[in-house]
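Structural overview
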Amino acid sequence: MTATDEHRAASPQGVSRRAFLTGGAVGAGLGALVGGAVGGAGGYALAGRTSEHLPFDPETVTSLGETGELPGFGGESLPCHGRYQAGIVSVPAAHTRYISYRLRDATDRAALIRLFRIITGDIEALTAGTAPLADPEKELAARPARLTITVGVGETLVDRVAPAERPEWLAPLPGFSLDQLGGGFDGGDLLFVVQADDPLPISHAARMLHRDIDRFAEVIWTQQGFRQSRGAEEPGVTMRNLMGQVDGTVNPNPGDEDFAALMWIDRESGPSWLVDGSAFVLRRIRMELDTWDRVDRPGREVTIGRTLSDGAPLTNPGGGEHAEVDFDARGASGLPVISSAAHIRRAHSTDPSERIVRRTSNYDDGNEVGLLFGCYQRDPLTQFVPIQQRLDDADLLNEWVTHTGSAVFAMLPGFQPGEMLGTALFGEDSDEPLS
Amino acid sequence: MSHAFRTQRSRRAALAPALAALALTLPLTLAACSAAGETNLSAESNGSTGSSAESPAHAQIHALDVWAKATADDMKPGEGMTGVFALLENHGDEDLTISAVTSDSAGHVELHEVVDGQMREIAGDVVIPAGGSLLLEPGGNHIMLMAIQEPLLPGDEVSIDLSFSDGSTATLSALVKDTAGANESYHDGHDSH
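Starting from 1, residues in each chain are numbered consecutively following that chain's sequence as written. Here the convention is simple: chains get letters from A, ligands get numbers from 1, in the order in which they are written. Per-residue local features are limited, in this predicted model, to residues with pLDDT of at least 70; the limit for side-chain atom pairs, both in listing and counting, is 80 or more; totals at the level of whole chains, interfaces and linings are taken over all residues.

**Some details on the overall build of chain A**
To keep it simple, the criterion reads: Runs of E in the DSSP output that reach at least two residues are strands. Runs of H or I that reach at least four are helices, and both are numbered from the N terminus. Exposed residues have 12 or fewer other C-beta atoms within 10 Å of their own C-beta, buried residues have 20 or more, and partly exposed residues fall in between, where C-beta atoms are placed from the backbone. Our contact criterion uses C-beta atoms placed from the backbone: two residues qualify when those atoms are within 7 Å.
Within chain A, the secondary structure is distributed over twelve helices and eleven strands. By residue count, 51% of the 435 residues in chain A fall in the buried class. Considering only residue pairs separated by 6 or more positions, chain A has 73% of its internal contacts joining residues 24 or more positions apart.

Right under this line is the structure:
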């Protein structure tokens, strides 16, 4: 028996855990294995109850942290490598923090490459459950609870690197008449979407990232959202928002044939640096609960066009959440069952390319509640904007919701072990060590 | 004289055999590849230093978590100082003594220890015991880069060459990061690094 065999026999778990660490570092097979685990794995639950019987998060691996193997979902890690960034089509986490940064004036292209070199390592370590370099609170990294850190870039960042390559949509959205923006939740040059099923690793990751990029950029806003805690509901149950509505029933699913065409930018639909990336729109939607309280259940259901009990369309209240909506149905009085200004009618488009992939969470800061409405698409100008324009023009719900924040980011393509996140944006020389 | 060091027989170091097997079969160009922030070692594997296959001792030092503190904003050229930190593991059967530390980025390099909050150059031999490791960390032992000409900015990579008493060498590639820590005061009047 060789020394290696002997050691394996003595500590099989240790070897495999160390091998994972080494695999990423060596850059060969083992790293690729980790990368390969991401992407098309099952368990996606945004679309509702169809996947409710899947085991929760089949794509997770065990945290590499010292306490990663202890019981509890804290030890679950979502691989960060892959064709697409992690945290976009994974099972929505219980907690989401959006952190938007503005670049400092001195942060030029060379500085941005250094910034991305640092955050690439931070993301790899934190999501794997290990401490990034220079982390003074290493122990907080060990239980990531499916931590993901997804990075988007804004208009100004792209203009400092490759202005000719900035897509037209990477700019503030066209104004909508009912918007009340300017409250400190708009725009930004660099976005981190930090998600996990436990708020502690989110706080740690955000702090680590902040230390590391403070010299390059300053925070302009953060928004913290939540869904129901992990385990509170069967996996795959559509979330409820804080108005009580089932929220997110109609949503493209990664299993759909046209999902990629709605979601992921390809060579025909965007610049080469964004191939396998996506356009992200985040809207902060305040709920006016004091006036909503005056509306009784029938009025609330008519406003949306769905039942409150389970989200079934009013045209088929016994049919369950996913019953097809009959927009032509009329009641005894001859009026449409789904009001002409009901939210689901106004949001609905007959053009199948005019859809978005929603990924939302609730917020409640103690004084104000609402929805952090996030959505992915290839092109907000042809997907989110026409939908929102119809809602802005007429939607019964407008009486009780107000858009108070708006931002657009280009979510970068995924990255592989040994590769820097954002390499395609910075070009060929960005992956070389600086001398 | 051998110096007493805080070394640790980490779980990682205990896995030396498995790692050594990997080291022998894979090219050791790990510098740009710091997945999980765990390894930045670029061991010399060619030229006069010999490949790991010719001289297994050369591959016996594994460096993990290698990083350097960025230099201060007001650094004067030629007067910059900063610390480099890592976990150096000896996966071999022989104790290795560090005989020299150099860096192209620094005019002078020393191995430092911190005693009673004061840092000073280590007087005796620095030995990495066989099967053990040497932890270089803020507030403890560290590599001190001195007489730095060009600022070391976050995201830069700085190269440090280690020589050992058996003639072997290893090159560390350290990612430069900002940290508010690693502020040990210096015994001869420099106030920080």
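**Here's the deal with the overall build of chain B**
Helix and strand counts for chain B come out as two helices and twelve strands. Secondary structure elements of chain B, listed N to C terminal, follow the sequence α-α-β-β-β-β-β-β-β-β-β-β-β-β. Relative to its 193 residues, chain B shows a buried fraction of 49%. Considering only contacts in chain B between residues 6 or more positions apart, those separated by 24 or more positions represent 72%.

**Considering helix α4 (residues 109-128) of chain A**
Residue and element names in this part refer to chain A. Using the following cut-off: Multiplying 1.5 Å by the residue count of a helix minus one yields the expected span of that helix.
Taking 1.5 Å of rise per residue, 20 residues should cover 28 Å, and α4 covers 28 Å from first to last C-alpha, within 8% of that figure. Extensive coverage of α4 is indicated by the burial of 17 of its 20 residues. Gly-129 sits one or two residues past α4 and shows a positive phi near 90°.

**Regarding unusual backbone geometry**
For Asp-276 of chain A, which is not glycine, the phi torsion reads 75° and is therefore positive. Considering the arrangement of structural elements, one finds Asp-276 of chain A in the loop between α7 (259-263) and β7 (278-287). A residue is classified by how many C-beta atoms lie within 10 Å of it, and Asp-276 of chain A, with 19 of them, is partly exposed. Even without a glycine there, the phi angle at Ala-182 of chain B is positive, about 55°. Secondary-structure assignment places Ala-182 of chain B in the loop between β11 (169-177) and β12 (185-186). Residue Ala-182 of chain B is classed as buried on the basis of its C-beta count, with 22 C-beta atoms lying within 10 Å.

**Here we look at the environment of Phe-415 of chain A**
All names here are of chain A. Tracing the chain through its elements places Phe-415 in the loop between β11 (401-411) and α12 (423-426). The buried category is assigned to Phe-415, around which 25 C-beta atoms lie within 10 Å. C-alpha separation for the pair Phe-415 and Gln-85, spaced 330 residues apart in sequence, amounts to 7.0 Å. Phe-415 has contacts with His-81, Thr-120, Met-420, Leu-421 and Thr-423, leaving out every residue within four places of it along the chain.

**As for the confidence of the model for chain B**
All names here are of chain B. This is how the line gets drawn: pLDDT measures how confident the predictor is about each residue, on a scale from 0 to 100.
Confidence in the prediction of chain B, expressed as mean pLDDT, is 74, and 64% of residues score 70 or more. Note on residues 1-58: pLDDT under 50 across the span, and 157 contacts to partners over four residues away in sequence or across chains. In this model residues 189-193 is a low-confidence stretch, pLDDT under 50, and it forms eleven contacts with partners more than four residues away in sequence or in other chains. Under the prediction, the complex receives an ipTM of 0.81, its pTM being 0.83.

**Some remarks on the environment of Cys-80 of chain A**
Residue and element names in this part refer to chain A. Residue position: Cys-80 is located in the loop between β2 (76-77) and β3 (95-103). Once the C-alpha coordinates of Cys-80 and Arg-215 are considered, the two residues, 135 residues apart in sequence, prove to be 25 Å apart. Aside from chain neighbours lying at most four places away, what touches Cys-80 is Ala-86, Ile-123, Glu-124 and Thr-127.

**A short note on the nonpolar core**
Generally speaking, nonpolar side chains in soluble globular proteins are found buried as a group. Inclusion rule: Nonpolar cores are identified as sets of buried Ala, Val, Leu, Ile, Met, Phe, Trp, Tyr and Cys residues joined via C-beta atoms within 7 Å.
Ranked by size, the top nonpolar core spans 92 residues in total, and within it Ile-119 and Ala-410 of chain A carry the most contacts. At ten residues, the largest contribution of residues to this core is made by α4 of chain A. Excluding residues within four positions of it along the chain, Ala-410 of chain A makes contact with Gly-152, Val-153, Val-158, Leu-170, Leu-274, Gly-277 and Ala-279 of chain A. Core analysis: the next-biggest nonpolar cluster, separate from the first, contains 40 residues, Ala-63, Val-66, Leu-162 and Leu-172 of chain B among them.

**A word on the pairing of β11 of chain B**
All names here are of chain B. How we decide: What makes two strands pair is DSSP finding at least two bridges between them.
Within β11, seven of the nine residues are buried, leaving the element largely enclosed by the surrounding structure. As judged from the seven bridges shared by strand β10 (residues 157-164) and β11, these two strands associate in the antiparallel manner. Counterpart to Ile-160 in the pairing with β11 is Leu-172. Here β10 hands over to β11 after four residues, with Gly-167 in that stretch at a positive phi of 95°.

**Examining the environment of Gln-228 of chain A**
All names here are of chain A. Residue placement: Gln-228 occurs in the loop between β6 (217-226) and α7. The exposure class assigned to Gln-228 is exposed, which follows from the 12 C-beta atoms found within 10 Å. When the C-alpha atoms of Gln-228 and His-210 are compared, they prove to be 27 Å apart, with 18 residues separating the residues in sequence. The contacts of Gln-228, once residues within four sequence positions are left out, are Ala-94, Glu-233 and Met-239.

**Thoughts on the packing of α4 of chain A against helix α6 (residues 199-213) of chain A**
Residue and element names in this part refer to chain A. Condition: Axis lines are fitted through C-alpha atoms, for helices just across the contact stretch, and the angle between N-to-C directions can take any value from 0 to 180 degrees. An angle counts as roughly parallel when it lies under 35 degrees, as roughly antiparallel when it exceeds 145, as roughly perpendicular when it falls between 65 and 115, and as oblique in every other case. Should the near helix be turned anticlockwise from the far one by less than a right angle, the crossing is left-handed, and should it be turned clockwise, the crossing is right-handed. Lys, Arg, Asp and Glu make up the charged group, whereas Ala, Val, Leu, Ile, Met, Phe, Trp, Tyr, Cys and Pro make up the nonpolar group; the residues left over, Gly among them, are polar.
Following both chains from N to C, one finds α4 and α6 inclined at 160°, their axes separated by 10 Å at the closest point. One element, α4, and the other, α6, form an angle in the roughly antiparallel class. As α4 runs across α6, the sense of the crossing is right-handed. Only Ala-205, Met-208, Leu-209, Asp-212 and Ile-213 of α6 make contact with α4, whose side of the interface consists of Leu-115, Ile-118, Ile-119, Asp-122 and Leu-126. Broken down by class, the residue content of the contact of α4 with α6 amounts to eight nonpolar, no polar and two charged.

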